[in-house]
Amino acid sequence: EKIVEINVWMLAGYDTTGYTLANAVVLLAKHPRVAKKLQQELSSMESDQRPRSKYLRCVINEAQRILPITASGSARVTGRDFDFRDTAGTSCTHNTSNCSHNKDGGIERKTCRSIRIPRGSNVVLPFLVSHRFPLIFKDPD
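Keep in mind that what you see is a predicted model, and the values were worked out from it rather than measured.

As a further point, take the overall build of the protein. When its secondary structure is counted, the protein shows 4 helices and 6 strands. When the helices and strands of the protein are listed from N to C terminus, the series reads α-α-α-β-β-β-β-β-β-α. A total of 141 residues make up the protein; the buried ones form 18% of that total. In the structure as shown, the protein presents an accessible area of about 11300 Å², 57% of it carried by carbon and sulfur atoms.

Our next topic: the packing of helix α2 (residues 32-43) against helix α3 (residues 54-66). At a minimum axis separation of 9 Å, α2 and α3 run at an interaxial angle of 145°. For α2 against α3, the interelement crossing comes out left-handed. Listed contacts from α3 to Val34, Lys37, Leu38, Glu41 and Leu42 of α2 are Lys54, Tyr55, Leu56 and Val59.

One can find Thr78 in the loop between β1 (73-77) and β2 (82-85). The contacts of Thr78, once residues within four sequence positions are left out, are Ile117, Pro118, Arg119, Gly120, Ser121 and Val123.

What the rule picks out here adds up to 1 salt bridge. Between Glu62 and Arg65 there is a salt bridge whose closest N-O contact spans 2.6 Å. You can see Glu62 and its partner Arg65 sitting in helix α3, 3 residues apart, about one turn around the helix. For Glu62, a relative accessible area of 33% corresponds to the partly exposed category. Residue class for Arg65 comes out buried when judged on its relative accessible area of 7%.

Moving on: the environment of Lys54. Tracing the sequence through the fold places Lys54 in helix α3. Spatially, the C-alpha atom of Lys54 lies 9.3 Å from that of Glu41, the residues being 13 residues apart in sequence.

We now examine the nonpolar core. Judged by nonpolar contacts, Leu28, Leu38, Leu42, Met45, Tyr55 and Val59 together constitute the single largest core of 6 residues. Those elements that place two or more of their residues in this core are α2 and α3. If we skip the residues at most four places from it in the chain, Tyr55 touches Val34, Lys37, Leu38 and Glu41.

What follows covers the side chain of Ser121. Summarising the element assignment, Ser121 is placed in the loop between β5 (114-117) and β6 (122-126). Within the structure, the side chain of Ser121 is placed 2.7 Å from the backbone oxygen of Pro118, a separation counted as a polar contact. Beyond its immediate chain neighbours, meaning those up to four positions away, Ser121 contacts Arg76, Val77 and Thr78.

Counted at 1.5 Å a residue, the expected span for α3 with its 13 residues is 18 Å, and the 18 Å between its end C-alpha atoms agrees. Those residues of α3 not exposed but buried are Tyr55, Val59, Ile60, Ala63, Arg65 and Ile66. Looking at where α3 begins, the residue whose side-chain oxygen comes 3.4 Å from the main-chain nitrogen of Tyr55 is Ser53.

Definitions and limits used
- Residues numbered from 1 in each chain as written.
- Predicted model: local features only at pLDDT ≥ 70, side-chain atom pairs only at ≥ 80, totals over all residues.
- Heavy atoms only, no water.
- Helix = DSSP H or I, 4+ residues; strand = E, 2+ residues; numbered from the N terminus.
- Buried < 20%, exposed > 50% of the residue type's maximum accessible area, 1.4 Å probe, protein only.
- Areas by Shrake-Rupley, 256 points an atom, 1.4 Å probe, with all protein chains shown as cover.
- Axes fitted to C-alpha atoms, helices over the stretch in contact; angles between N-to-C directions.
- Left-handed = near helix turned anticlockwise from the far one by under 90°.
- Contact = heavy atoms within 4.5 Å.
- Salt bridge = Lys/Arg side-chain N within 4 Å of Asp/Glu carboxyl O.
- Core = buried A, V, L, I, M, F, W, Y, C linked by side-chain atoms within 4.5 Å.
- Polar contact = N/O pair within 3.5 Å; in protein donor to acceptor, adjacent residues only side chain to side chain.
- Expected span 1.5 Å × (residues − 1).

This is the structure in structure tokens:
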């Protein structure tokens, strides 16, 4: 039983490391300026110092942010009422004073200005959403 458990942890460690490195390589291929800067920094360092490269750490952290290993998210219970402002202009499913329903050129546009999440609600914010939130990250993609 212990050997099986150790094998699972070893495999999980290799799998996540491989996934992160593969994503970092793909992102470096899409961003040649970043790849060149990383190459220059690593070339100027002794081989035993390379694992401590600040820029390499930034590249790996950014790869993990943009393409997280798990698509799940952070689950929480709200401790207070929360008004979430919808800045994307998505369609609403209710008709309250917070919503405007306008006809524009014959097309009805429904824009919800805010959504209330009551205290005690279970909420999950997926990492793929939170890691690309434009209010937190200047250029999230």
